[in-house]
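Here is what each chain is made of, one letter per residue.
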Amino acid sequence: MVNFILGQVVALVLAYIFRVYCHPSRVSATTRHWGSLIAGVSISYFCFGRQVLLAVLLVLGCYMLMLLLPITLIHHVTLAASLTFLSAMHIQRQIYEDGAFVIDVTGPLMIIVQKATALAYSLHDGLSGLKDEELTPLQRELVLRKKPSALGYFSYMLNFHSVLAGPFFMFADYQDFIEGTHYAKRALETVATKSSLDSNRNKSPADMKVLDANKAARPEDEPNPTEVSLYKAGLSVICAVVTVCILPNFPISYLTNPEYFKCSLVYKAFYIVAVTSFTRHVYYTAWLLGDSICNMSGMGFNGYSKDGTARWDLVSNVNLIGVETGLSLRETLEAWNSGTMKWLRFMVYERAGTQKTLFTYMLSSIWHGFYPGYYITFVSGAFFTIAARYVRRSVRPRVMMYGSSAKLTYDAVTCFVTRLCLAYFTFPFILLRFWSSIAVYRDIYFFPVIMGVFVIVLLPKLLPPPSSSATKSKPTTEHVEAPRKLGDAMQEITNTESDTTQHVKVQ
């Protein structure tokens, strides 16, 4: 654990040096690739020792598949091969660690699998003959029309910005960052010149625009990320203090202690909420520092907001405030590990013709591992997300009729209930064991599940949701944003699967 944190601190310092002294205007893309790769491998070796060879082996294997396989097979075979390798590591960990909290190379391997598979699917989209109109907007944004070089591939997989704890980002975004075109695209809303590799990526050649040389970004024109990076690093320090000083007072093992079952219902609920809330700070510590590293190096710029403020959320692990204050499960889960949500959406949800949720479940499950507690969280999380959606459809429109005071009360209640539900379906992911988790559920007579069934089966009959015509007559922000973000309830389940099922190890 100490080596891991020290490794991230070193990476943060390197990120500052990388941004100041290795800006694209000063050094070539090749130099930036080499710097990112060498630093990434070195820091990984410091943190994981010889285990880093497993990561290099996985990257090398996926690279060979990219070179040797026909484009019609590259995506599916890469997904199957990388998941098989990762699954073997998960099983080995499960056998020898027996649920103990350790930081090992499986975390970086999970991120590498995301990168390798996403890149393979982006290449398939760009080189298999598909037309732009046959791709979804997300696929068109991330399509690749040229295979990366060996240096570019290994740099993307093992760069020091994200090799330890993420965040996951697509090759297209990393390429923009290395070549120095990210600022122009996000701030000036242009694309790179035809001489750049980018001419083989985001657009069909006929649709390319040439970047005005007079608009090319200078270092002094780009927003300084130091403030936002240090802010995230500061939050990471606070979360680390919570992890070290408070979390040990709430061991998850107490849920298996006979003394726990003798406590009052109020105390049981308090304890489950406390242990899951404080355990989240383990993730916050690593993820926020990972975000800080990317931002400090200049990666993650996502244009300007309407008030002219620079946004640094293009690549991000987590929105801490969003998770802890979300007014609904959907808001809460969207703020949790958004990179994985984007990966699952890109890989499965937008590609599966039928059974979108089933296939998303399968990928998310295999990617995380095989502890029984994971699958309790998958199923119950999806169930409560559906139940919450039914409540929102039937109850919220009626509450909104009574003005802002009623809305404020409704928001407060849903925020509180969301915290309870979140704790209820995520504690098995920490406890890991099946029968121990079932014992906790049985102790409260599965009351939350019974309430969820009532909400799904009877609430629509007792309080029918407003008709679609009524909805259209009074459009709200929620009705406008939901379809644009996720599409329908199935995507909310996808969010649950991808974002709430994170085992207590750095990923």
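To be clear, the structure that these remarks concern was listed above.
We now turn to the structure provided with this report. Going along each chain's sequence as written, the residues are numbered from 1 onward. Only residues with pLDDT of 70 or above have their local features reported here, since the model is predicted, and side-chain atom pairs are shown and tallied only from 80 upward, although totals for entire chains, interfaces and linings are computed over all residues. The side-chain values count all of the structure's non-hydrogen atoms but skip hydrogen atoms and water molecules.

1. Notes on the side chain of Lys-232
Here comes step 1: Starting at the N terminus, helices and strands are each numbered in turn, a helix being any DSSP run of H or I of at least four residues and a strand any DSSP run of E of at least two. Mapped onto the secondary structure, Lys-232 falls in helix H10 (residues 226-245).
Here comes step 2: By the criterion applied in these results, polar contacts are pairs of N or O atoms within 3.5 Å in which, for protein atoms, one can donate a hydrogen and the other can accept it, and in which residues neighboring in sequence qualify only through two side-chain atoms. Only 2.7 Å separates the side chain of Lys-232 from the side chain of Asn-295, close enough to count as a polar contact.
Here comes step 3: Separated by 3.4 Å, the side chain of Lys-232 and the backbone oxygen of Trp-312 make a polar contact.

2. Things to note about the nonpolar core
Here comes step 1: Counting 81 residues, the largest nonpolar core has Tyr-153 and Leu-158 as the members making the most contacts within it.
Here comes step 2: Considering each element in turn, this core owes the most residues, 10 residues, to helix H5 (residues 106-127).
Here comes step 3: Each nonpolar core is a collection of buried residues, namely Ala, Val, Leu, Ile, Met, Phe, Trp, Tyr and Cys, held together in the definition by side-chain atoms within 4.5 Å. The cut-offs for exposure are 20% and 50% of the maximum accessible area for each residue type, with area from a 1.4 Å probe on protein chains only; residues under the lower value are buried, those over the upper are exposed, and the others partly exposed. Core analysis: the second largest hydrophobic core is formed by 24 residues, Tyr-424, Phe-425, Leu-431 and Tyr-441 among them.

3. Quick word on the packing of helix H4 (residues 74-97) against helix H16 (residues 356-368)
Here comes step 1: In this analysis, axes come from line fits to C-alpha atoms, helices being fitted only over the stretch in contact, and the angle between any two N-to-C directions falls in the range 0 to 180 degrees. Interaxial distance between H4 and H16 falls to 8 Å at its minimum, and their mutual angle equals 45°. Taken together, the axes of H4 and H16 are oblique relative to one another. Along the contact surface, H4 presents Leu-79, Leu-83, Leu-86, Ser-87 and His-90, while H16 presents Leu-363, Ile-366, Trp-367 and His-368.
Here comes step 2: All amino acids are sorted into three groups, where Ala, Val, Leu, Ile, Met, Phe, Trp, Tyr, Cys and Pro are nonpolar, Asp, Glu, Lys and Arg are charged, and the leftover types, Gly among them, are polar. Of the residues in the contact of H4 with H16, the class split is six nonpolar, three polar and no charged. Each angle is binned into one of four classes, with values under 35 degrees roughly parallel, values over 145 roughly antiparallel, values of 65 to 115 roughly perpendicular, and all other values oblique. Residue contacts follow a heavy-atom distance rule, with two residues in contact if any of their heavy atoms lie within 4.5 Å.

4. A short note on the environment of Leu-289
Here comes step 1: Relative to the assigned elements, Leu-289 resides in helix H12 (residues 265-296).
Here comes step 2: For the pair formed by Leu-289 and Ala-11, sequence separation is 278 residues and the distance between their alpha carbons is 9.5 Å.
Here comes step 3: When sequence neighbours within four positions are dropped, the list of residues in contact with Leu-289 reads Gln-8, Val-9, Leu-12, Ala-233, Ser-236 and Tyr-284.

5. Notes on the packing of aromatic side chains
Aromatic rings considered in pairs are described by the distance between their centres and by the relative angle of their planes.
Here comes step 1: Working definition: a ring pair exists when centres of Phe, Tyr or Trp rings (six-membered ring for Trp) sit within 6.5 Å. Plane angles under 30 degrees give stacked, over 60 give edge-to-face, the rest tilted. Following the criterion strictly, the structure yields 39 aromatic pairs and no others.
Here comes step 2: Considering the side-chain rings of Tyr-153 and Phe-154, the 6.2 Å spacing of their centres and the 65° angle between planes classify their relative orientation as edge-to-face. Neither Tyr-153 nor Phe-154 differs from the other in exposure class; each is buried.
Here comes step 3: Relative to Phe-261, the ring of Tyr-260 has its centre 5.2 Å away and its plane inclined at 80°; by these criteria the two rings are edge-to-face.
Here comes step 4: Accessibility expressed as a relative area gives 2% for Tyr-260, which makes it buried.
Here comes step 5: Aromatic ring contacts, followed pair by pair, group Phe-250, Tyr-254, Tyr-260, Phe-261, Tyr-267, Phe-270, Tyr-271 and Phe-278 into a single cluster.

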